[in-house]
Structures are given as C-alpha cells and as structure tokens.
Amino acid sequence: MSTPPDSPPDLTLADDDADACRAEIVRHHRVIEDWLTGRGARADLPAFADAHTPAFTLITPDGEALPLPRVLAMIETAYGAAPTIAIAIRDVKVVVSAESFVVATYEEHHGGQDPGVRRATVVLVRDATAPHGLRWAHLHETWTRVSSEQPPA
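Note that the coordinates shown come from a computational prediction; the quantities given were computed from them, not determined experimentally.

A short note on the pattern of salt bridges
A side chain of one charge can pair with a side chain of the opposite charge when the charged atoms of the two come close. By the definition in use, this model includes eleven salt bridges. Of the charged contacts, one joins Asp-34 and Arg-39 as a salt bridge, the two residues approaching to 2.9 Å between their closest N and O atoms. We classify Asp-34 as partly exposed; its relative accessible area is 23%. One salt-bridge network, held together by shared partners, links Arg-30, Glu-33, Asp-34 and Arg-39.

If you want it as structure tokens, here you go:
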C-alpha cells in the first residue's frame, strides 16, 4: 500500500537522532564558549558560520528575531568578552525527526560572570557535510529561572 502524495512526512524518532542532536548542540556551544572566553581561534569563525543554514534565524530570549548575518556580526565582536563564562547543556530532547530535519529542545546553563538559564528549541536540517550531520536552521531561546545548582565548572 502506498502513501498518498499529500500525507505528512514520516515523523519518526531514532536513537541515533537523539545522540547526534546532543553531540551537535554540545559541540556548537563549546565553540561559542571558547569564542566568548577567547580560548578559541579567531580563524574558527567561518566554521562556526558554516554550521548554520544561510537562512538561519535566532529568536533571542528577549524576543528579537535575528538573521544569520546579524548573529555573526554580534558573535564576531564578542570574542573574549566573557572570559569566565561556562556553558553547560542539559536535558536535550528530540521533539520530532523526519527525513530532512530534527527538532529538539534543551536547557543552556551559563555560569561565570553572568549566570542564567535559557530553554531553547532548535530546528536542525540534515546535511551529511555538517558536524554530526546536522546544520542549524532556526533557534528560539527563552529566559527561564536562574539555576539553584552550582554553575557549570
């Protein structure tokens, strides 16, 4: 029996999607942490940019919608601006996955000079040439409680 052409895509959840999502989200935030602390190399910025689709959008915790060029401009000027920041990723959950994309949620815990917690939803598109086979297409962050736990080391 075939699927009618107007049927929604097969929205399945695979264990390897969860592993790839977690690995990519952690990897991406390690790059951001290294950049903000100044530990990363300035030459890493093009690789950071390439981890996103050209149409990437970020909805900031304050509700501002930023296209990729604006995000990259902000990141570029923030090199070394937070030398004590530590970012920990917790509670990664795949919401839905399909042939061409994965949607996940996670918490981003910041320690250091400006501690806080953000809850995020990310849309990652599948791309075999991207880190962990996933490229960032959209990210929506929301402020949440300040963690009562110790900040990440």
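The discussion continues.
Digging into the pairing of strand S4 (residues 101-111)
Among the eleven residues that make up S4, nine are buried, leaving the element largely enclosed by the rest of the structure. Relative to S4, strand S3 (residues 86-97) runs antiparallel, the two being bridged by nine bridges. Across the sheet, Lys-93 pairs through a bridge with Thr-105, a residue of S4. Hairpin connection between S3 and S4: a loop of three residues separates the two successive antiparallel strands. In textbook terms, the turn of a hairpin is the stretch between consecutive antiparallel strands, and for S4 and strand S5 (residues 116-126) this stretch comprises four residues, one of which, Gly-112, has a positive phi near 110°.

Thoughts on the environment of Pro-131
In this structure, Pro-131 sits in the loop between S5 and strand S6 (134-143). Residue classification places Pro-131 among the partly exposed residues on the basis of a relative accessible area of 28%. Put simply, Pro-131 and Ala-51 are 80 residues apart on the chain and 7.1 Å apart in space, counted from C-alpha to C-alpha. Setting aside residues no more than four positions away along its own chain, Pro-131 makes contact with Glu-24 and Arg-27.

Regarding the nonpolar core
With 32 residues, the main nonpolar core has Cys-21, Ile-25, Phe-56, Tyr-106, Val-122, Trp-136 and Leu-139 as its most contacted residues. Put simply, the parts of the chain that give this core at least two residues each are helix H1 (15-37), helix H2 (45-50), strand S1 (52-59), helix H3 (68-77), S3, S4, S5 and S6. The element contributing the most residues to this core is H1, with six residues.

Considering the environment of Leu-58
Checked against the element boundaries, Leu-58 lands in strand S1. Residues Leu-58 and Ala-137, 79 residues apart in the sequence, show an inter-C-alpha distance of 8.8 Å.

Considerations on the confidence of the model for the protein
Mean pLDDT over the protein: 88, with 84% of residues reaching 70 or higher. Here residues 7-13 is modelled with pLDDT under 50, and outside its nearest four sequence neighbours on either side it reaches twelve contacts, counting other chains as well.

Brief notes about the layout of surface pockets
The calculated volume of the largest pocket comes to roughly 730 Å³. Looking at the largest pocket, it is lined by 34 residues, and the ones nearest its centre are Leu-36, Ile-75, His-110, Arg-118 and Glu-141. Listed by contribution, the elements that provide at least two residues to the lining of the largest pocket are H1, S1, H3, S4, S5 and S6. Its residues assigned to classes, the lining of the largest pocket shows 20 nonpolar, nine polar and five charged.

Some words on the packing of aromatic side chains
Centre distance and the angle of the planes are the two values used to describe a pair of aromatic rings. Enumeration according to the criterion identifies one aromatic pair in this entry. Centroid distance Trp-35 to Tyr-79: 4.6 Å. Interplanar angle 75°. Geometry classified as edge-to-face. In this pair, Trp-35 is assigned in helix H1 and Tyr-79 in the loop between H3 and S3, connecting sequence segments 44 residues apart. Residue Trp-35 is classed as buried on the basis of its relative accessible area of 6%. For Tyr-79, a relative accessible area of 22% corresponds to the partly exposed category.

Here is what the cut-offs are and how they apply
- Residues numbered from 1 in each chain as written.
- Predicted model: local features only at pLDDT ≥ 70, side-chain atom pairs only at ≥ 80, totals over all residues.
- Heavy atoms only, no water.
- Salt bridge = Lys/Arg side-chain N within 4 Å of Asp/Glu carboxyl O.
- Buried < 20%, exposed > 50% of the residue type's maximum accessible area, 1.4 Å probe, protein only.
- Helix = DSSP H or I, 4+ residues; strand = E, 2+ residues; numbered from the N terminus.
- Pairing = 2+ DSSP bridges.
- Contact = heavy atoms within 4.5 Å.
- Core = buried A, V, L, I, M, F, W, Y, C linked by side-chain atoms within 4.5 Å.
- pLDDT = per-residue confidence, 0-100.
- 1 Å grid on protein atoms, 1.4 Å probe; cavity = no way out; pocket = protein on both sides within 12 Å on 5 of 7 lines; lining within 4 Å.
- Points joined across faces, edges and corners; volume = space filled by probe spheres on them.
- Nonpolar A, V, L, I, M, F, W, Y, C, P; charged D, E, K, R; others polar.
- Phe/Tyr/Trp six-rings, centres within 6.5 Å; stacked < 30°, edge-to-face > 60°.

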